[in-house]
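Structure at a glance
Each chain is listed here by its residues.
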Amino acid sequence: MIVNFNLKKKFRNRLEKDVNLANYNWFNLGGSAEYFFKAEDKDQLKEFLKFASKNNLKITTLGAGSNTLFRDNGVKGVVLKLIKNFSYIKLIDKNILDVGAATLDRKVANFAKDNNLGNFEFLSCIPGSIGGAIVMNSGCYDNEISKILVSITVIDKKNLTEIEIKKEDINFFYRGTNLSNDFIIISAKFKGLAGNKDVIEKKQNDLIKRKKQSQPSQTKTCGSTFKNISKNKKAWMLIKESGCEHFKEGDASISEKHCNFFVNNGNAKSSDIESLIKKVKKKVHETTGVNLELEIKIIGE
Ligand SMILES: Cc1cc2nc3c(=O)[nH]c(=O)nc-3n(C[C@H](O)[C@H](O)[C@H](O)COP(=O)(O)OP(=O)(O)OC[C@H]3O[C@@H](n4cnc5c(N)ncnc54)[C@H](O)[C@@H]3O)c2cc1C
């Protein structure tokens with residue numbers, strides 16, 4: 001398919017070909033997206049989904065890319081990113097927030113704090129978007145996004161219908177859900193607990209401090225590579241116990257601060273990160289008998 005003048009005009013210059021994905025994920029890695037589409041609003045998104053379906057284009061939805069490793073050979077079809085009108089926060093009732101899926105988690109935490117709403121503090125420690133956080137059921141410090149969720153609104157890629165799904169109708173588990181891959185989350189409603197701004201701010205700052213002490217910041221990483229086995233059996237413990245802490249592949253290594261965080265030191269390839277993942281998984285299995293499961297998503301050819 002050629003992205004010509006007419007197509008560009010139809011989608012307000014938001015459809016591009018051969019876009020370098022390294023600019024769109026926290027590892028700063030990956031080849032090109034065959035097509036990359038930034039949807040500004042719901043109408044444009046639906047229009048594009050219709051077009052993609054007609055042209056048999058496979059769609060990969062991307063949030064802030066803080067949990068995604070794109071492979072070196074890129075991604076076939078379209079990588080879809082929600083922007084502009086999908087990033088908003090509204091207080092729609094005393095303690096209910098309506099939030100666009102592209103909104104960054106920390107912005108939601110700050111908005112809730114400014115409106116004296118508690119229970120959102122942990123979101124200030126997660127560097128992704130609301131859409132990504134829901135798909136991953138992200139959380140930390142005994143909290144996770146499903147606990148504050150009321151409902152989500154999705155567009156079904158297959159038939160373009162818009163559906164609101166109540167939290168009770170979704171099966172959330174540790175770092176995942178049973179939501180269909182055909183759903184593009186466009187917004188979500190959350191319920192907070194009325195509180196005091198100063199108390200909320202203190203709790204938020206304490207969590208941020210705790211995070212900074214235990215995890216690397218300003219680093220090319222996608223956070224925890226593997227899922228924890230249980231509260232008392234964390235992936236980092238198994239990695240350490242198996243003697244993998246100093247494993248390296250090309251310019252990819254394991255963070256000195258947190259050995260479940262894998263790092264691109266600047267010149268790594270996606271394949272280096274993937275080889276490191278395989279090497280660690282194998283060693284942990286040989287040493288402890290545990291089969292580590294990936295938390296990060298690996299996408300591409
Ligand atoms: C430094 C660092 C610290 C981290 N700490 C934590 C932590 O404490 N706890 C934790 O849980 N995670 C943590 N993470 C991982 C990551 O931030 C979370 O998983 C985050 O919620 C991912 O959001 P994202 O928008 O970046 O998702 P992406 O990486 O962009 O996507 C993740 C998945 O969500 C899907 N997706 C994204 N948006 C949508 C949408 N609108 N509709 C449908 N599907 C969508 C994607 O297709 C993909 O499958 C950390 C990451 C980093 C880099």
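The structure we're discussing is the one just above.
The paragraphs below set out a description of the structure included in this document.

Here is what the cut-offs are and how they apply
- Residues numbered from 1 in each chain as written.
- Predicted model: local features only at pLDDT ≥ 70, side-chain atom pairs only at ≥ 80, totals over all residues.
- Heavy atoms only, no water.
- Near = heavy atom within 4 Å.
- Polar contact = N/O pair within 3.5 Å; in protein donor to acceptor, adjacent residues only side chain to side chain.
- Areas by Shrake-Rupley, 256 points an atom, 1.4 Å probe, with all protein chains shown as cover.
- Helix = DSSP H or I, 4+ residues; strand = E, 2+ residues; numbered from the N terminus.
- Nonpolar A, V, L, I, M, F, W, Y, C, P; charged D, E, K, R; others polar.
- Pairing = 2+ DSSP bridges.
- Axes fitted to C-alpha atoms, helices over the stretch in contact; angles between N-to-C directions.
- Contact = heavy atoms within 4.5 Å.
- Buried < 20%, exposed > 50% of the residue type's maximum accessible area, 1.4 Å probe, protein only.
- Expected span 1.5 Å × (residues − 1).
- Phe/Tyr/Trp six-rings, centres within 6.5 Å; stacked < 30°, edge-to-face > 60°.

Right, let's talk about the site of the ligand for a bit. Taken together, the neighbourhood of the ligand is formed by 33 residues, with Thr 61, Ser 66, Ser 129, Gly 139 and Lys 211 sitting nearest. Thr 68 places a side-chain nitrogen or oxygen 2.7 Å from an oxygen atom of the ligand. Measuring from an oxygen atom of the ligand, one finds a side-chain N or O atom of Lys 211 at 2.7 Å. About the coverage of the ligand: the protein hides 92% of its 970 Å² of free accessible area. Take the shell around the ligand: its biggest share by element is five residues, from helix 4 (residues 130-136). Of the residues that constitute the shell around the ligand, the class distribution is 15 nonpolar, 14 polar and four charged.

This part is about the sheet that holds strand 7 (residues 96-100). Each strand in a sheet pairs with another by means of backbone hydrogen bonds, the pair being arranged parallel or else antiparallel. Pairing in this open sheet of five strands is antiparallel, and the strands run 6-7-15-11-12 from one edge to the other. With one partner strand each, in any of the chains shown, strand 6 (89-93) and strand 12 (162-166) form the two edges of the open sheet. Each neighbouring strand pair of the sheet contributes to a mean axis angle of 25°, computed without reference to strand direction. Summarising the sheet, strand 11 (residues 149-156) and strand 12 pair through five bridges and their orientation is antiparallel. When the bridges of strand 12 are listed, Ile 152 appears paired with Ile 165. Each of strand 6 and strand 7 is contacted by helix 3 (residues 105-114), which is oriented at about 45° to strand 6, the strand it contacts most.

Attention now moves to the side chain of Glu 274. Within the secondary structure, Glu 274 is located in helix 7 (residues 270-288). The exposure class assigned to Glu 274 is buried, which follows from its relative accessible area of 14%. Among all residues touching Glu 274, those that are not within four sequence positions of it are Leu 69, Arg 71 and Ile 298.

Between its first and last C-alpha, helix 2 (residues 42-54) extends 18 Å over 13 residues, near the 18 Å set by a 1.5 Å rise per residue. Capping the start of helix 2, Asp 41 holds a side-chain oxygen 3.3 Å from the backbone nitrogen of Asp 43, two or three residues further along. Taken from the residues just after helix 2, Asn 56 is the one with a positive phi, measuring 50°.

We now examine the packing of aromatic side chains. Summed over all chains, the structure comprises eight aromatic pairs. Measuring from centroid to centroid gives 3.9 Å for Phe 37 and Phe 48, while their planes differ by 15°, and the two rings are stacked. Taken together, the residues span a long stretch of sequence, with Phe 37 in strand 2 (residues 32-39) and Phe 48 in helix 2 at a distance of eleven residues. Neither Phe 37 nor Phe 48 differs from the other in exposure class; each is buried. Ring centres of Phe 120 and Phe 190 lie 6.2 Å apart, and the angle between their planes is 80°; on these two criteria the pair is classed as edge-to-face. Taken as a pair, Phe 120 in the loop between strand 8 (117-118) and helix 4 and Phe 190 in strand 15 (residues 183-191) lie far apart in primary sequence, 70 residues in all. The exposure class of Phe 120 is buried, given its relative accessible area of 0%.

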